[in-house]
Amino acid sequence: MSEFRRRLMMQSKADNPILKDYLTIVSLEDGLTAKLSTNACEYCVDGDGVWKTLPADTETEAVNSGQTLSFRGNLIPTSSNGVGTFTINKLHNLRGDCMSLLFGDETKDCFSLADNNHAFRNLFNGNDRLVDASELSLKALDLGTHSYYGMFAGCTNLVEAMDLPDNRLANNCYQSMFQGCTNLTKAPQGIAVDKFPIYSCTDMFNGCTSLTKAPILSLTTTASGKLLINFCFQRMFKGCTKLLEVQETLPKSSLSNECCREMFYGCTSLTKAPELPSTAIAMNCYQSMFYGCTSLTKAPALPATNLNGKNYCYASMFQNCTALTDAPELPAETLCGNCYQHMFNGCTSLIEAPDLPAKTLAQSCYSNMFAGCTSLTKAPIISATTLANNCCQQMFARCTSLETAPELNALTLTNYCYEFMFHKCSKLNYIKMMAIDIDALSCVSNWVVGVADMGTFVKNKDAVWSYVGESSVPSEWTIITE
């Protein structure tokens with residue numbers, strides 16, 4: 001906190017219990033007024049104990065720099081408006097206890113919002129005059145649904161936020177809480193809970209373009225079961241373009257559908273990803289998690305070996321991570337639909353791809369997986385002998401440094417399985433593909449468009465096809481059978 005703000009805090013009678021027990025606005029400029037939409041409440045000036053009625057959507061009297069406005073009430077929140085939204089016309093800080101809007105003079109003994117869903121929903125939403133909320137108390141140990149939903153969203157001058165207690169979260173409780181706080185540099189220190197419910201932290205810091213350090217997210221219980229519930233971290237740090245540090249961010253627990261989808265999407269300064277130790281993953285759980293993290297050089301380990309039923313679990317996970325040079329091993333032997341689709345698409349610094357041990361593929365599982373990896377010189381070993389529709393569609397499209405294709409040992413092809421697979425791989429000069437026939441619908445359609453003019457094609461001696469062209473064997477290549 002700057003010396004200027006500290007001085008103003010001292011001027012505002014910091015020892016006055018009124019300012020501790022009630023939600024308080026500390027003015028940083030002359031002529032500050034405030035109004036609360038939807039509900040009437042009471043306010044006092046400088047903690048003088050003289051409470052005045054404030055009708056809904058009506059301005060308080062004006063106060064000068066260093067003076068305070070404190071608020072109390074017994075308000076009942078609604079799903080659409082919470083207890084209301086403050087409009088404040090001058091620069092200010094916040095301090096005191098938000099509970100005073102719900103519990104009035106009984107605030108200091110109240111620690112639960114479980115019966116007050118939507119309590120502080122959008123309370124300061126769009127308040128572009130708020131500077132510092134680090135001394136605001138959000139002490140509730142049990143939250144209700146949407147407790148702090150959008151509470152500070154769009155507070156574009158907010159620099160420092162308050163800490164959050166170890167508490168019991170509820171659905172949507174922190175959703176969009178600081179979304180679009182473009183000057184926020186200090187987030188809450190940590191969030192320690194017994195589980196992360198549905199949408200609990202979705203979009204919490206989305207668009208906080210000045211945030212450099214993520215809070216630690218930790219579980220305070222060792223209870224079994226799914227402790228990360230659907231969508232809980234979805235887009236949590238999306239667009240945090242200055243985020244550098246992520247430490248111990250993800251708990252070691254079972255995942256749920258879309259729990260980390262787009263969590264760090266577009267975090268262009270992130271150089272180190274958190275560890276992802278869970279082997280019990282879920283549908284879409286990591287989809288686009290690090291999409292566009294252009295400073296990320298190393299991917300975290302992904303130890304799951306069974307992806308059955310976890311569709312899109314890794315889809316686009318590292319897409320357009322243009323600095324990524326170190327991809328993780330992919331040990332899964334049981335796949336699911338779209339599991340690796342676009343996973344490394346556009347990773348232009350990736351030189352070597354991890355081997356793919358699965359014998360049986362799933363629909364679109366490898367589709368576009370390494371498309372646009374223009375530095376890729378070593379293709380993965382593809383162990384599959386049983387294919388699925390669209391399984392390798394555009395898998396290596398535009399890999400302009402790739403000279404040797406992985407061996408393709410499946411004897412029977414499926415619809416669209418190799419369509420556009422090596423499209424515009426301009427240096428590719430060796431392919432071994434052992435299919436007996438190529439009758440499946442568009443199975444090799446346009447798969448060698450734009451490859452090297454001269455090369456070697458190895459085909460099965462028992463093959464019953466002899467086509468030449470961009471949807472079979474490049475016309476000038478040498479054909480070998482084995």
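Everything quoted here is computed from the prediction, not taken from an experiment.

This next bit is on the overall build of the protein. A tally of helices and strands in the protein yields three helices and 13 strands. Along the first, second and third principal axes, the C-alpha atoms of the protein reach 95 × 40 × 30 Å. Buried positions account for 56% of the 482 residues belonging to the protein. In the protein, of all internal contacts separated by at least 6 residues, the share reaching a separation of at least 24 is 80%. For the protein, the accessible area works out to roughly 18,400 Å², and carbon and sulfur atoms hold 45% of it. Taking the average location of the 35 positive side-chain charges in the protein and that of its 45 negative ones, the two points are 1 Å from each other.

Take the sheet that holds strand β8 (residues 130-137) next. Pairing is mixed across the open sheet formed by six strands, whose spatial order is β4-β3-β5-β1-β7-β8. Looking at strand neighbours, the two that pair on one side only are β4 (52-54) and β8, the edges of this open sheet. When strand polarity is set aside, the average angle formed by the axes of neighbouring strands in this sheet is 25 degrees.

On inspection of all chains with the given rule, the structure shows 17 salt bridges. We note a salt bridge from D194 to R168, for which the minimum N-O separation is 2.5 Å. With a gap of 26 residues between them, D194 in the loop between β9 (190-193) and β10 (216-219) and R168 in the loop between β8 and β9 connect regions that are remote in the sequence. The salt bridge partner of E258 is R261, with a shortest N-O separation of 2.9 Å. Judged by relative accessible area, E258 falls into the buried class, the value being 16%. Exposure remark for R261: the relative accessible area of 23% places this residue in the partly exposed category.

Our focus in this paragraph is the environment of L211. Position of L211 relative to the elements: it lies in the loop between β9 and β10. Judged by its relative accessible area of 0%, L211 is buried. Non-local contacts of L211, meaning those with residues more than four positions away in its chain, are made with L184, T185, K186, A187, F205, F237, K242 and L243.

Overall, the predicted model of the protein reaches an average pLDDT of 94, with 95% of residues at or above 70. Below pLDDT 50 for its whole length, residues 1-14 participates in 30 contacts with residues either more than four positions away or in separate chains.

Okay, the environment of A323 next. Relative to the helices and strands, A323 resides in the loop between β10 and β11 (430-433). Residues A323 and T156 lie 167 residues apart in sequence; the distance between their C-alpha atoms is 30 Å. When sequence neighbours within four positions are dropped, the list of residues in contact with A323 reads T294, S295, L296, T297 and S349.

Looking now at the sheet that holds β11. Hydrogen bonds between backbone atoms are what pair the strands of a sheet, whose relative direction is either parallel or antiparallel. The three strands lie next to each other as β11-β12-β13, forming an open sheet whose pairing is parallel. At either end of the open sheet lies a strand with only one pairing partner, and these are β11 and β13 (478-481). On average, each strand axis in the sheet is tilted by 15 degrees relative to the strand beside it, whichever way the strands run. The pairing of strand β12 (residues 456-459) with β13 spans four bridges and is parallel. Paired with K459 across the two strands is T481, which belongs to β13.

Mapping N338 onto the fold places it in the loop between β10 and β11. On the basis of relative accessibility, which here comes to 10%, the residue N338 falls in the buried class. Ignoring sequence-local partners within four residues, the contact set of N338 consists of Y312, A315, Q363, S364 and C365.

This brings us to the side chain of Q175. Along the polypeptide, Q175 turns up in the loop between β8 and β9. Residue class for Q175 comes out buried when judged on its relative accessible area of 11%. A distance of 2.6 Å separates the side chain of Q175 from the side chain of N172, its partner in a polar contact. Leave out the neighbours within four places in its chain, and Q175 touches Y148, Y149, G150, Y199, S200 and T202.

Reading the values: rules and limits
- Residues numbered from 1 in each chain as written.
- Predicted model: local features only at pLDDT ≥ 70, side-chain atom pairs only at ≥ 80, totals over all residues.
- Heavy atoms only, no water.
- Helix = DSSP H or I, 4+ residues; strand = E, 2+ residues; numbered from the N terminus.
- Buried < 20%, exposed > 50% of the residue type's maximum accessible area, 1.4 Å probe, protein only.
- Contact = heavy atoms within 4.5 Å.
- Areas by Shrake-Rupley, 256 points an atom, 1.4 Å probe, with all protein chains shown as cover.
- Lys, Arg positive; Asp, Glu negative; His and termini not counted.
- Charge placed at Lys NZ, Arg CZ, Asp CG, Glu CD.
- Pairing = 2+ DSSP bridges.
- Axes fitted to C-alpha atoms, helices over the stretch in contact; angles between N-to-C directions.
- Salt bridge = Lys/Arg side-chain N within 4 Å of Asp/Glu carboxyl O.
- pLDDT = per-residue confidence, 0-100.
- Polar contact = N/O pair within 3.5 Å; in protein donor to acceptor, adjacent residues only side chain to side chain.

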